[in-house]
Amino acid sequence: MKFALFGNTFQSDKSAHVRHCVETLRKHGNRIAVDGLFMRFLQKKVGLNFTPDEVIDSDCFTADMVLSMGGDGTFLETARRVGAKDIPILGVNTGRLGFLADSENGTIEETVRALCEGRYNVEQRSVLAVTSEGDTIQGYPFALNDIAVLKRDNSSMIAIRMEVDGQPMNTYQADGLIISTPTGSTGYAMSVGGPIMDPKSATVGITPVAPHSLNVRPVVLRDDIAIDLKVISRTHHYLLSVDGRSEVMNEATALKIRKANYTIGIVRVSGLSFFDTLRHKLSWGTDPRN
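Please read all numbers here as calculations on a predicted model, not as lab measurements. (Residues numbered from 1 in each chain as written. Predicted model: local features only at pLDDT ≥ 70, side-chain atom pairs only at ≥ 80, totals over all residues. Heavy atoms only, no water.)

A. View of the overall build of the protein. The number of helices and strands found in the protein is six helices and 20 strands. Taking 290 residues into account, the globule formula puts the C-alpha radius of gyration at 19 Å, and the protein, at 20 Å, falls close to it. The principal-axis extent of the C-alpha atoms belonging to the protein is close to 60 × 50 × 30 Å. Counting over 290 residues, the protein shows a buried share of 50%. Long-range pairs, those at least 24 residues apart, make up 66% of the contacts in the protein with a sequence separation of at least 6. (Helix = DSSP H or I, 4+ residues; strand = E, 2+ residues; numbered from the N terminus. Rg over C-alpha atoms; globule rule 2.2 N^0.38 Å. Buried < 20%, exposed > 50% of the residue type's maximum accessible area, 1.4 Å probe, protein only. Contact = heavy atoms within 4.5 Å.)

Here it is, written out as structure tokens:
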């Protein structure tokens, strides 16, 4: 198999895990391509020298599988690089939580063996796309986790007018609004009280951030709807965040959010279910009295 390796460039203390991963992949006769930025980090900052079969210096690459070495932030950036290529991604957690990862540092030997023997599953996860009418969105407009509209510059709330399939739904007076996929429901949206959604459900979550009303609650909708947003701000600007990649938009810029025409494949080797992961990594259902 041909594996493409991507990783974060600020955890030099995790270099032993990268070395072990490379050695294990080579031992099983696999070809290895490494992201150029990650490769240069390993060579200059970590002192890890090896010769990959290919160095990836653009978003044009091929592989049978991608390994994302780091935490959830690294995984989201890897998903951006993979885009619509239909290459499955395995997260190898070298960060703190690694909710999207299915392999931990101590299991890489067993994981690589399972991959080479075909003992894994691929879960297809939905992606959101955002387009604009007004300012041009400069960054990558696709999100595996969430798209958020947030206030900036001062403490004043913003007003966010939302339409669903051309029909008015609500005007949120809040610090922001998060539109999340089921994958992103355990991220930013969950931290502000949003619903947890099964990754296999064809849904999107609408979660206000600090709404100034007791009768505003998160909502779960079908993911084949058309969402249109218009922002009113005292500063005449707002912040658009797409999987944590933020840029400033003029309030005259309306946003359209739709389900993307591709999915991201997440590799599962461990056999743990989504609810197993909730219990294991987020202590879901744990009774602190026991």
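B. Structural view of the sheet that holds strand E19 (residues 254–259). In spatial order, the strands read E9-E8-E19-E16-E11-E12; together these six strands make up an open sheet with antiparallel pairing. Looking along the sheet, the strands with just one partner apiece sit at the ends: strand E9 (142–143) and strand E12 (167–174). As paired strands, strand E8 (residues 128–133) and E9 are joined by two bridges and run antiparallel to one another. Bridge assignment links Ala129 to a residue of E9, and that residue is Phe142. (Pairing = 2+ DSSP bridges.)

C. Geometry of the pairing of strand E4 (residues 65–70). Most of E4 is tucked away, with six of its six residues classed as buried. Here E4 shows two buried faces, one formed by Met65, Leu67 and Met69 and the other by Val66, Ser68 and Gly70. The pairing of strand E1 (residues 2–7) with E4 spans five bridges and is classified as parallel. Considered in E4, the bridge of Phe6 is made with Ser68.

D. Quick peek at the nonpolar core. Judged by nonpolar contacts, the single largest core of 27 residues is most densely connected at Met162, Ile227 and Leu229. When residues of this core are traced back to their parent elements, those giving at least two are E8, strand E10 (146–150), strand E11 (158–164), strand E13 (176–180), strand E14 (203–209), strand E16 (227–232), strand E17 (237–242) and E19. With four residues, E11 is the single largest residue contributor to this core. In this structure, Leu67, Leu90, Val92 and Leu115 belong to the second largest nonpolar core, which totals 23 residues. (Core = buried A, V, L, I, M, F, W, Y, C linked by side-chain atoms within 4.5 Å.)

E. Spotlight on the packing of aromatic side chains. Scanning the entire structure with this criterion turns up four aromatic pairs. Arranged with centres 5.2 Å apart and planes meeting at 55°, the rings of Tyr140 and Phe142 form a pair that is tilted. What makes Tyr140 partly exposed here is its relative accessible area of 24%. Looking at Phe142, the relative accessible area reads 23%, which means it is partly exposed. Three or more aromatic residues joined by ring pairs make a cluster, and in this case those are Tyr140, Phe142 and Tyr262. (Phe/Tyr/Trp six-rings, centres within 6.5 Å; stacked < 30°, edge-to-face > 60°.)

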